[in-house]
Amino acid sequence: MALSESVVKKVLLSYTYVAIWIFLSFSVIVYNKYILDRKLYNWPFPISLTMIHMSFCSFLAYLLVKVFKVVELPSTMTRDLYLKSVVPIGALYSLSLWFSNSTYIYLSVSFIQMLKALMPVAVYSIGVLFKKDSFKSDTMLNMLSISFGVAIAAYGEAKFDSFGVMLQLLAVAFEATRLVMIQILLNSRGINLNPITSLYYVAPCCLVFLCFPWLVMEYPLLRDTSSFHLDFVIFGTNSLCAFALNLAVFLLVGKTSALTMNVAGVVKDWLLIAFSWSVIKDTVTPINLFGYGLAFLGVAYYNHSKLQALKAAEAQKKVQQADEEAGRLLEEKEGEGTGKKTETQD
């Protein structure tokens, strides 16, 4: 049976959104590695780079929201809610970005992607800790299989750096906590922020939090490095890629689903590992690949389980709606029957 033109168009658009997101995510990761790595551009100031990104994103988000009015801000966002919900999320986001960018100084791109496979483990564990998710033995077994695969990949890493690994694990932990806090502090109150409104609220907050470690750790070094001049082409295009990535997330999740982005993320990780090995000439060992392969299977099974759970929930919702509709029709029919009986008696 031939597919209709609308279905083909929808599928092609979905693949286009996926391709755009993979390309931009790929570009931001490789670009950050290029800037921060001491053997490449040699500008090892991750807090400063993150602050440049947040300043750029804050400015563009303000233009899109207040000047061009591309998106509307949620009317339920009050000052009290901002202080109690957005500020903690901004603090977690600043730590996540700071530590994840710092890892590019110490670890290879391929190994960083392997460590990022622990994200579902961290999100589920923290969700259980905060009672957002229920503990299930089969899910925990899956999480352990992912962790085991990443441990094997770490064991096979040729240029293992314990400090870099610690930074990446902290970045994963803070990012997972941020995602759970978004569900607890915002989504539970009916506030769903898209990437543009998220940047509008979170980026300035994140910038303020980053100022404190920057003043202590990086500002003195930058002040004493009189030979350094900010390259507006390098940092401008890098910041533009980072902002475009947020818009790509908005398109991908809005037009497809968050689960599609998770699946696309797996494809992106394999592409980055291949790029890191073939172009950057990072060492990727067979043990690396075997361990990440195990973790990949665990993540794939986790995504499959989430998809099945979403389908079951959607089917249950449809059944419930059908039951409610049938009950309403029955009540109307009984009401009509009662009315006719009363008329006949009269």
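Everything here concerns the structure above.
The sections below set out a description of the structure shown in this document. (Residues numbered from 1 in each chain as written. Predicted model: local features only at pLDDT ≥ 70, side-chain atom pairs only at ≥ 80, totals over all residues. Heavy atoms only, no water.)

**Remarks on the overall build of the protein**
- Within the protein one finds 12 helices and zero strands.
- Going from N to C terminus, the protein has its helices and strands arranged as α-α-α-α-α-α-α-α-α-α-α-α.
- Dimensions of the protein, computed from C-alpha atoms along their principal axes, come out at roughly 100 × 50 × 45 Å.
- Counting every position in the protein, which comprises 346 residues, the buried fraction comes to 42%.
- Within the protein, contacts between residues at least 6 apart in sequence are counted, and of these 83% link residues at least 24 apart.
- Accessible surface computed for the protein: about 19500 Å², of which carbon and sulfur atoms make up 66%. (Helix = DSSP H or I, 4+ residues; strand = E, 2+ residues; numbered from the N terminus. Buried < 20%, exposed > 50% of the residue type's maximum accessible area, 1.4 Å probe, protein only. Contact = heavy atoms within 4.5 Å. Areas by Shrake-Rupley, 256 points an atom, 1.4 Å probe, with all protein chains shown as cover.)

**Looking at the layout of surface pockets**
- Here the second largest pocket defines a volume of roughly 280 Å³.
- Looking at the second largest pocket, it is lined by 13 residues, and the ones nearest its centre are Lys 33, Asp 37, Lys 39, Lys 159 and Asp 282.
- Of the residues contributing to the lining of the second largest pocket, the split by class is five nonpolar, one polar and seven charged. (1 Å grid on protein atoms, 1.4 Å probe; cavity = no way out; pocket = protein on both sides within 12 Å on 5 of 7 lines; lining within 4 Å. Points joined across faces, edges and corners; volume = space filled by probe spheres on them. Nonpolar A, V, L, I, M, F, W, Y, C, P; charged D, E, K, R; others polar.)

**What to know about helix H6 (residues 137-155)**
- Its 19 residues place the ends of H6 27 Å apart at the C-alpha level, agreeing with the 27 Å of an ideal helix rising 1.5 Å per residue.
- When we look at burial in H6, the residues that qualify are Thr 139, Asn 142, Met 143, Ile 146, Gly 149, Val 150, Ile 152, Ala 153 and Ala 154. (Expected span 1.5 Å × (residues − 1).)

**Regarding the packing of helix H3 (residues 79-106) against helix H8 (residues 195-217)**
- The N-to-C vectors of H3 and H8 enclose an angle of 50°; their axes lie 8 Å apart at closest approach. Viewed along their axes, H3 and H8 adopt a mutual orientation that is oblique. Pair H3 / H8 crosses with right-handed handedness. Together, Tyr 82, Val 86, Val 87, Gly 90, Ala 91, Tyr 93, Ser 94, Leu 97 and Trp 98 of H3 and Tyr 201, Val 202, Cys 205, Cys 206, Phe 209, Leu 210, Pro 213 and Met 217 of H8 make up the contact between the two elements.
- Broken down by class, the residue content of the contact of H3 with H8 amounts to 15 nonpolar, two polar and no charged. (Axes fitted to C-alpha atoms, helices over the stretch in contact; angles between N-to-C directions. Parallel < 35°, antiparallel > 145°, perpendicular 65-115°, else oblique. Left-handed = near helix turned anticlockwise from the far one by under 90°.)

**Comments concerning the pattern of salt bridges**
- Evaluation of the coordinates by the stated rule reveals six salt bridges.
- The residue Lys 84 makes a salt bridge to Asp 80 at a minimum N-O spacing of 3.5 Å. Here Asp 80 and Lys 84 lie together in helix H3, a separation of four residues that amounts to about one turn.
- Its relative accessible area of 44% is what places Asp 80 among the partly exposed residues.
- Linking Glu 314 and Lys 318 is a salt bridge whose minimum nitrogen-to-oxygen distance equals 3.9 Å. Remark: Lys 318 and Glu 314 occur in helix H12 (residues 286-345); sequence separation between them is four residues, near one turn of the helix.
- Classification of Glu 314 by relative accessible area gives partly exposed; the value is 48%. (Salt bridge = Lys/Arg side-chain N within 4 Å of Asp/Glu carboxyl O.)

**Here's the deal with the nonpolar core**
- One finds Met 54, Met 77 and Leu 210 to be the most contacted residues of the largest nonpolar core, which totals 39 residues.
- Where this core is concerned, the elements lending two or more residues are helix H2 (46-67), H3, helix H5 (119-129), helix H7 (162-186) and H8.
- The element best represented in this core is H8, accounting for nine residues.
- Met 77 has contacts with Tyr 82, Val 86, Leu 186, Ile 191 and Tyr 201, leaving out every residue within four places of it along the chain. (Core = buried A, V, L, I, M, F, W, Y, C linked by side-chain atoms within 4.5 Å.)

**A word on the environment of Leu 115**
- For Leu 115, the location among the structural elements is in helix H4 (residues 109-115).
- It is 15 Å that separates the C-alpha atoms of Leu 115 and Asp 282, two residues lying 167 residues apart in sequence.

**Re unusual backbone geometry**
- Even without a glycine there, the phi angle at Lys 69 is positive, about 50°.
- Of note, the phi angle at Lys 131 is positive, near 60°, even though the residue is not glycine.
- Looking at where Lys 131 falls in the secondary structure, it is placed in the loop between H5 and H6.
- You can call Lys 131 exposed: its relative accessible area is 77%.

**As for a nonpolar patch on the surface**
- A cluster of nonpolar residues, Tyr 62, Val 67, Phe 68 and Val 70, forms a patch on the protein surface that exposes about 430 Å² of accessible area.
- Relative to the elements of secondary structure, Phe 68 occurs in the loop between H2 and H3. (Patch = residues over 30% accessible without salt bridge, like charges linked within 9 Å, V, L, I, M, F, W, Y side chains within 5 Å.)

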